[in-house]
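# What the coordinates show
For reference, the chains in residue letters:
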Amino acid sequence: MSRPAARPERRLTGDAPAWAAAAEAVLDARLERDVDRPLVVALSGGGDSVALLRLTADWARRRGRRVLALTVDHGLNPESPGWTALAERAARALGADWRGLRWTGPKPASGLPVAARRARHRLLADAARAAGARVILMAHTADDVIEGERMRAEGSSLGRLRAWAPSPAWPEGRGLMLLRPLLGARRVELRDWLGAAGADWVEDPANDDPRFARARARRALAGRASAAAAQVGEEAAAGVLCVEADIIHLARDVAPRALAAALVCGGGGDRPPRGERLAALLSRLRSGEDFVAVLAGARLEADGDRVRVGREPGELRRRGLSSVPLVPGEEVVWDGRWLVTAPEAGWSVAAAAGAMARLSDADRASLKPLPPAARAARPVLIRNDPPAAVLAGSAGKAQALVGNRLAGALDRMTHESDPDAVFHGAAPRKHLFSGVTIMNEGRFPRPEEPRRA
């Protein structure tokens, strides 16, 4: 429920708290200054997000940035309209723009927290992209990091929080990064700061509901000392050799996180593999075995020193991915891997599998160097009147999203300015991966075939 707003609004005086100074340093390190592009703050109206909003609004005023606060109403509590109204008042009082979003439709009987989280990220991503933003600020704290570790120890598949990470919504979140500048702060510190400033916030009763794993972890860890947020080192991308349009080339000793990212990006999905299946795949790679495996919608082919990951075309058939109509000039994300634009009205995009015989000799020749599975999973444009089938990219525009997405997943998008290639359609800058080549458009020489003993 809401705290009473009896005290007048006022700013803190004196030196900023240590956590606030650390958070501002994170903002300075990751964000651009003096640009018109808005910064998006995910504002629930809770204490953590209100503190983030106040900190960000102050930083943005001094750095020449606009702030857009987005509030998602999940429709799960009868008090949520009041929470949304409080969030709007808080945003507008600080000079920020504000927009309310709502999760509509049926809610699942089980797995509600996961479904709500996924819906929230999708809504935030859609609204942020529409506003022209590149970064969404999230108010996770050190307590969230500690609670997440406990939940994973008890069997949760919840991912680890990182200060800078791509949006997990796919494809809605393409080109968007999440920034969490408060991972070094404790909830009690934020609330003490807000209370001293006369600010108001809400407390969601779900945070103390023992039916939910997060609330149980919060209760069990009450009063525990803080722990530093885990940081990912340069080894995260170890073993990624080359990204060639929608094919990822790996080394046998690829790092576990890089393999998981390669599978989810190569497969076009949004749920990275974890646990025993990923560990088994790593073990087979380390052993030197030649094999083919399918995981997370991706096909991994290990042959000697060569390991490549791409889309498993059989998954396209199993998912029933039929042709997708295209509107001229409007970008469509096809199969989570390609951004396709039609040259004119009357076209659809579909997989090359089943349409190969209808392609021109030139299009078939351009596909011939690819492995058969990769060939079948490429997009083609189909027109029924008059009958036509052309390789996407030879008519219209087709850009592979795999390389940029993998770069973000493996911490090679280091600054707000890095996703320029995603938003403007140019090939990614090669500095995103040190020693790794990313090639997204056109036809490029393939990696030299390794010599077999």
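Note on numbering: residues in each chain are counted from 1, in written sequence order. Owing to the predicted nature of the model, reporting of local features is limited to residues with pLDDT of at least 70; listing and counting of side-chain atom pairs is limited to 80 or more, with chain, interface and lining totals taken over all residues. Computation of side-chain values covers all heavy atoms of the structure but excludes hydrogens and water.

## Overview of the packing of aromatic side chains
Keep this limit in mind: Centres within 6.5 Å are what make two rings of Phe, Tyr or Trp a pair, Trp counting through its six-membered ring; a difference in plane orientation under 30 degrees is then read as stacked, over 60 as edge-to-face, and the rest as tilted. Note on criteria: charge over ring means Lys NZ or Arg CZ within 6 Å of the ring centre, with the direction from the centre no more than 35 degrees off the ring normal.
Evaluated as defined, the whole model comprises one aromatic pair. The aromatic ring of Trp103 is capped on one face by Lys107, whose charged end is 4.7 Å from the ring centroid.

## Observations concerning the environment of His249
Here is the rule: Numbering of helices and strands runs from the N terminus, with a helix taken as a DSSP run of H or I at least four residues long and a strand as a DSSP run of E at least two residues long. Each polar contact in these results corresponds to two N or O atoms within 3.5 Å; when the atoms are within protein, one needs to be able to donate a hydrogen and the other to accept it, and residues that are neighboring in sequence are counted only if both atoms are side-chain atoms.
Of note, His249 is situated in strand S8 (residues 247-250). Along the primary structure His249 and Leu300 are separated by 51 residues, whereas in three dimensions their C-alpha atoms are 9.7 Å apart. Within polar-contact distance, the side chain of His249 engages the side chain of Glu244 at 3.2 Å.

## A short note on the sheet that holds strand S18 (residues 397-400)
So the rule is basically this: Strand pairing is assigned whenever DSSP identifies at least 2 bridges connecting the two strands. Axis definition: a line fitted to C-alpha atoms, limited for helices to the stretch in contact. Angles are taken between N-to-C directions and run from 0 to 180 degrees.
What the three strands build is an open sheet, ordered S13-S14-S18; its pairing is antiparallel. The open sheet has two edge strands with one neighbour each: strand S13 (332-334) and S18. Ignoring strand direction, the axes of neighbouring strands in this sheet form an average angle of 30°. Pairing of strand S14 (residues 338-341) with S18 involves four bridges; the strand directions are antiparallel. Residue Thr341 lies in a different strand from S18, and its bridge partner there is Lys397.

## Observations regarding the pairing of strand S3 (residues 97-102)
Where strand S2 (residues 67-73) and S3 come together, six bridges link them in parallel fashion. Note that in S3 the partner of Asp73 across the bridge is Arg102.

## Some thoughts on the pairing of strand S10 (residues 298-303)
If a strand is regular, its side chains alternate between the two faces of the sheet. In this structure, strand S9 (residues 291-295) lies alongside S10, joined through five bridges in antiparallel fashion. Along S10, the bridge assignment pairs Leu295 with Ala298. As consecutive antiparallel partners, S9 and S10 are separated by two residues, and within that stretch Ala296 has a phi angle of approximately 55°, a positive value. Bridge count for S10 against strand S11 (residues 306-311) is six bridges, and the pairing is antiparallel. Bridging from a neighbouring strand, Asp303 pairs with Arg306 of S11. In textbook terms, the turn of a hairpin is the stretch between consecutive antiparallel strands, and for S10 and S11 this stretch comprises two residues, one of which, Gly304, has a positive phi near 65°.

## What about the packing of helix H8 (residues 256-267) against helix H9 (residues 275-287)?
This is how the line gets drawn: Reported orientations rely on four angle classes, namely roughly parallel under 35 degrees, roughly antiparallel over 145, roughly perpendicular from 65 to 115, and oblique for the rest. Whether two residues are in contact is decided by their heavy atoms, any of which lying within 4.5 Å being enough. As a working rule, the residues Ala, Val, Leu, Ile, Met, Phe, Trp, Tyr, Cys and Pro are called nonpolar, Asp, Glu, Lys and Arg charged, and the rest polar, with Gly in that last group.
Relative orientation of the contacting elements H8 and H9 amounts to 110°, with a least axis distance of 11 Å. Between H8 and H9, the crossing angle belongs to the class labelled roughly perpendicular. In this structure, H8 contributes Pro256, Leu259, Ala260 and Leu263 to the contact, and H9 contributes Leu278, Leu281, Leu282, Leu285 and Arg286. Its residues assigned to classes, the contact of H8 with H9 comprises eight nonpolar, no polar and one charged.

## Considerations on the pattern of salt bridges
Quick note on the threshold: One side-chain nitrogen of Lys or Arg within 4 Å of one carboxyl oxygen of Asp or Glu is enough to make a salt bridge. Summary of the burial criterion: residues with accessible area below 20% of their type's maximum are buried, those above 50% are exposed, and those between are partly exposed, where the area comes from a 1.4 Å probe applied to protein chains only.
Taken as a whole, this structure holds 34 salt bridges when the rule is applied. Residues Arg33 and Asp28 are paired through a salt bridge, measuring 3.2 Å at the closest nitrogen-oxygen approach. We classify Arg33 as partly exposed; its relative accessible area is 45%. Residue Arg299 pairs with Glu301 through a salt bridge whose shortest N-O separation is 2.7 Å.

## Side note on the sheet that holds strand S17 (residues 387-391)
The four strands lie next to each other as S12-S15-S16-S17, forming an open sheet whose pairing is antiparallel. Single-partner strands in this sheet number two, and they are strand S12 (324-325) and S17. Across two bridges, S12 lies against strand S15 (residues 348-351) in antiparallel orientation. The residue of S15 that forms the bridge with Val324 is Val349.

## Describing helix H13 (residues 402-409)
Among the eight residues in H13, eight count as buried, and that is most of the element. Those residues of H13 that fall on the buried side of the exposure criterion are Val402, Gly403, Asn404, Arg405, Leu406, Ala407, Gly408 and Ala409. At the C-terminal side of H13, Asp411 shows a positive phi close to 65°.

## Points about the packing of helix H2 (residues 47-63) against helix H6 (residues 187-196)
As a reminder, the rule being used: Take the far helix as the reference: if the near one is turned anticlockwise from it by less than a right angle, the crossing is left-handed, and if turned clockwise, right-handed.
H6 packs onto H2 with a crossing angle of 60° between their chain directions and a minimal axis gap of 9 Å. Between H2 and H6, the angle falls in the class oblique. Where H2 crosses over H6, the two elements pack in a sense that is left-handed. Contacts between H2 and H6 involve Gly47, Asp48, Val50, Ala51, Arg54 and Leu55 from the first element and Arg187, Leu190, Arg191, Trp193 and Leu194 from the second. Class assignment of the residues belonging to the contact of H2 with H6 gives a composition of six nonpolar, one polar and four charged.

## Some remarks on the nonpolar core
Applicable threshold: Only buried residues count toward a nonpolar core. Its members are Ala, Val, Leu, Ile, Met, Phe, Trp, Tyr and Cys residues joined through side-chain atoms within 4.5 Å.
By size, the foremost hydrophobic cluster in this structure holds 39 residues, and its most contacted members are Leu43, Leu53, Leu137 and Leu182. Sorting the residues of this core by element identifies helix H1 (18-30), strand S1 (39-42), H2, S2, helix H3 (80-93), strand S4 (135-137), strand S6 (177-179) and H6 as the ones contributing at least two each. No other element matches the eight residues that H2 contributes to this core. Listed in part, the 31 residues of the second largest apolar core include Leu278, Leu281, Leu285 and Leu295.

## Examining the environment of Pro171
Inspection of the secondary structure assignment puts Pro171 in the loop between strand S5 (164-166) and S6. For the pair Pro171 and Trp334, spaced 163 residues apart in the sequence, the C-alpha separation amounts to 9.2 Å.

By themselves, these figures tell us nothing about what the structure is for.
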